[in-house]
Amino acid sequence: MALTTVTFSERLALALRFLAYYVMDKPDFMDYNPVRFHNSWEADWQLAISKAESFGSDENLVDEGTDRTAALNQTMEDSRQNYQRYIKPFVEDAFAKTKPGLMNSFGINNYDESRRTPARMILFLKNLSEKCAAYKTELLAVGINTTKVALIDTQHDELMDLYTNQSTFTGERSESARLRGEVFEALDEFTMQTARAGKNIYDVDTPRYRRYILYGSVKGSDAAKYYAVASQKTVSILEGKIDNRSGFLLTNSGKVNLTVYVGDAAVSAVPDTAITLAVGEKDLRVLAADLSEGVFSALVVKNEKDTDGAITVQLLKMIDDNE
């Protein structure tokens, strides 16, 4: 049994649900294996959940990386603007006619290359600051703004910090991914051992047995989809893709209650296994076997109200012990 192909959010959701089942059935588990399911199993599991919940997602890191890049790009642009508008014109005024060769020592001749990359821009600004200091008298004589000259050092230091910060991001993300993997592997162990034991404790095809079957989402063409269900209409979803090992993640995406079951929409009678998916109900995980009276033609959704409704459905698949 493996959960590495399941998303981190799903693995956390599985852990929370299985822990709730375990708490309800704790005496049976402690009876079955008191060595594994000891008094602190529940507390240890909750601690593992807390660690997983507090661990930043990779998406958070990607967002942070985007913020770092944006800050770096902004400082690069600010540096370019300061140089082009407030430094270069005065260097030209001071030396273009009298000492044109000296202008190149300010980096004017290689600015176009330097302006494109942070590493080169950092060196360019350092040299520019030093030359402005060395020729301060000549530059002041043509009216250079000393505040803009001082800004060169400020922007150099900011650019250095931001560039270093961004350069370490790849390593930070890799290390974060490794640590996240370890945290979730520890969490999965509680989920998997509980699921394994639950299927041994309870008889096959009983409601309690089905509690402990692990399901993960199906990707690709069977990812979560939104379906409109018009007033007084019935829709059949996932026809030909369902069997007694299927499961669903259901969300009522509309404003009316819906009747949901697994079967054949052509049969007029709604089976006793049908459930009501209430308005606002979100991420309800339910098994096809619990919604069906033995027919697995499709997931059937009925809207018996006078207002149009909607449902979002994610097909789940059973994660077998040998996967």
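Provided above is the structure to which this section pertains.
Source: prediction; values computed, not measured.

1. Remarks on the overall build of the protein
Then, in step 1: Within the protein, the regular secondary structure consists of eleven helices and nine strands.
Then, in step 2: Per-residue burial for the protein yields a buried fraction of 39% across its 323 residues.
Then, in step 3: A separation of at least 24 residues holds for 79% of the contacts in the protein among residues at least 6 apart in sequence.
Then, in step 4: Within the structure as shown, the protein displays about 17,100 Å² of accessible surface, and the carbon and sulfur contribution to it stands at 50%.

2. So, the layout of surface pockets
Then, in step 1: Roughly 190 Å³ of internal volume is contained in the largest pocket.
Then, in step 2: Along its surface, the largest pocket is lined by R17, Y21, P207, R210, R211, I213, Y215, R285, V286, L287 and D290.
Then, in step 3: At the level of secondary structure, the elements contributing two or more residues to the lining of the largest pocket comprise helix 1 (8–32), helix 10 (207–211) and strand 7 (284–287).
Then, in step 4: When the residues that make up the lining of the largest pocket are grouped by side-chain class, the tally is six nonpolar, no polar and five charged.

3. Brief notes about a negative patch on the surface
Then, in step 1: A cluster of acidic residues, D78, E130, D153, D157, E158 and D161, forms a negative patch at the surface.
Then, in step 2: Looking at the negative patch element by element, the count peaks at four residues for helix 8 (residues 146–167).
Then, in step 3: Tracing the chain through its elements places D153 in helix 8.

4. Section: the environment of Y226
Then, in step 1: For Y226, the location among the structural elements is in strand 2 (residues 225–229).
Then, in step 2: The class of Y226 is exposed, set by a relative accessible area of 54%.
Then, in step 3: Along the backbone, Y226 and V313 are 87 residues apart, and their C-alpha atoms lie at a distance of 6.6 Å.
Then, in step 4: Not counting residues within four places of it along the chain, the set of residues in contact with Y226 comprises S253, A310, I311 and T312.

5. As for unusual backbone geometry
Then, in step 1: Although it is not a glycine, Q232 sits at a positive phi angle of roughly 60 degrees.
Then, in step 2: By the secondary structure assignment, Q232 is in the loop between strand 2 and strand 3 (233–237).
Then, in step 3: Of note, D283 is a non-glycine position whose phi angle comes to about 55 degrees, a positive value.
Then, in step 4: Structurally, the position occupied by D283 is in the loop between strand 6 (275–277) and strand 7.

6. Quick look at the packing of aromatic side chains
Within a pair of aromatic rings, the relevant descriptors are the distance that separates the centres and the angle that separates the planes.
Then, in step 1: Here the structure, examined in full by the defined rule, presents 20 aromatic pairs.
Then, in step 2: Taking the centre distance of 5.1 Å and the plane angle of 70 degrees together, the rings of F29 and F37 count as edge-to-face. Comparing F29 with F37, the two get one shared label, buried.
Then, in step 3: Taking the centre distance of 5.8 Å and the plane angle of 35 degrees together, the rings of F95 and F106 count as tilted. With F95 in helix 3 (residues 58–95) and F106 in the loop between helix 4 (100–103) and helix 5 (111–114), the pair connects residues that are eleven residues apart, well separated along the chain.
Then, in step 4: A relative accessible area of 2% places F95 in the buried class.
Then, in step 5: Given a relative accessible area of 0%, F106 falls into the buried group.
Then, in step 6: Through a chain of ring-to-ring contacts, the aromatic side chains of F18, Y21, Y22, F29, F37, W41, W45, F190, Y202 and Y212 assemble into a single cluster.
Then, in step 7: The positively charged end of K148 is found above the aromatic ring belonging to Y86, 4.3 Å away from the centroid.
Then, in step 8: The ring of F8 carries R180 above its face, with NZ or CZ at 5.6 Å from the centroid.

7. Digging into the environment of E92
Then, in step 1: Its place among the elements puts E92 in helix 3.
Then, in step 2: The class for E92 is partly exposed, based on a relative accessible area of 32%.
Then, in step 3: Residues E92 and I108, 16 residues apart in the sequence, show an inter-C-alpha distance of 9.5 Å.

8. Quick notes on the nonpolar core
Then, in step 1: Among the nonpolar cores identified, the biggest contains 34 residues, and W45, L187 and L214 are the most heavily contacted of them.
Then, in step 2: Of all elements in the fold, only helix 1, helix 2 (41–54), helix 9 (169–201) and strand 9 (309–318) reach the threshold of two or more residues within this core.
Then, in step 3: Looking at which element gives the most residues to this core, the answer is helix 1, with eight residues.
Then, in step 4: Apart from residues lying up to four places away in sequence, L187 is in contact with R11, L12, A15, W45, A48, I49 and A52.
Then, in step 5: Counting residues in hydrophobic clusters, the runner-up holds 24 residues, among them V91, M103, I122 and L128.

Conventions adopted
- Residues numbered from 1 in each chain as written.
- Predicted model: local features only at pLDDT ≥ 70, side-chain atom pairs only at ≥ 80, totals over all residues.
- Heavy atoms only, no water.
- Helix = DSSP H or I, 4+ residues; strand = E, 2+ residues; numbered from the N terminus.
- Buried < 20%, exposed > 50% of the residue type's maximum accessible area, 1.4 Å probe, protein only.
- Contact = heavy atoms within 4.5 Å.
- Areas by Shrake-Rupley, 256 points an atom, 1.4 Å probe, with all protein chains shown as cover.
- 1 Å grid on protein atoms, 1.4 Å probe; cavity = no way out; pocket = protein on both sides within 12 Å on 5 of 7 lines; lining within 4 Å.
- Points joined across faces, edges and corners; volume = space filled by probe spheres on them.
- Nonpolar A, V, L, I, M, F, W, Y, C, P; charged D, E, K, R; others polar.
- Patch = residues over 30% accessible without salt bridge, like charges linked within 9 Å, V, L, I, M, F, W, Y side chains within 5 Å.
- Salt bridge = Lys/Arg side-chain N within 4 Å of Asp/Glu carboxyl O.
- Lys, Arg positive; Asp, Glu negative; His and termini not counted.
- Charge placed at Lys NZ, Arg CZ, Asp CG, Glu CD.
- Phe/Tyr/Trp six-rings, centres within 6.5 Å; stacked < 30°, edge-to-face > 60°.
- Lys NZ or Arg CZ within 6 Å of the ring centre and 35° of its normal.
- Core = buried A, V, L, I, M, F, W, Y, C linked by side-chain atoms within 4.5 Å.

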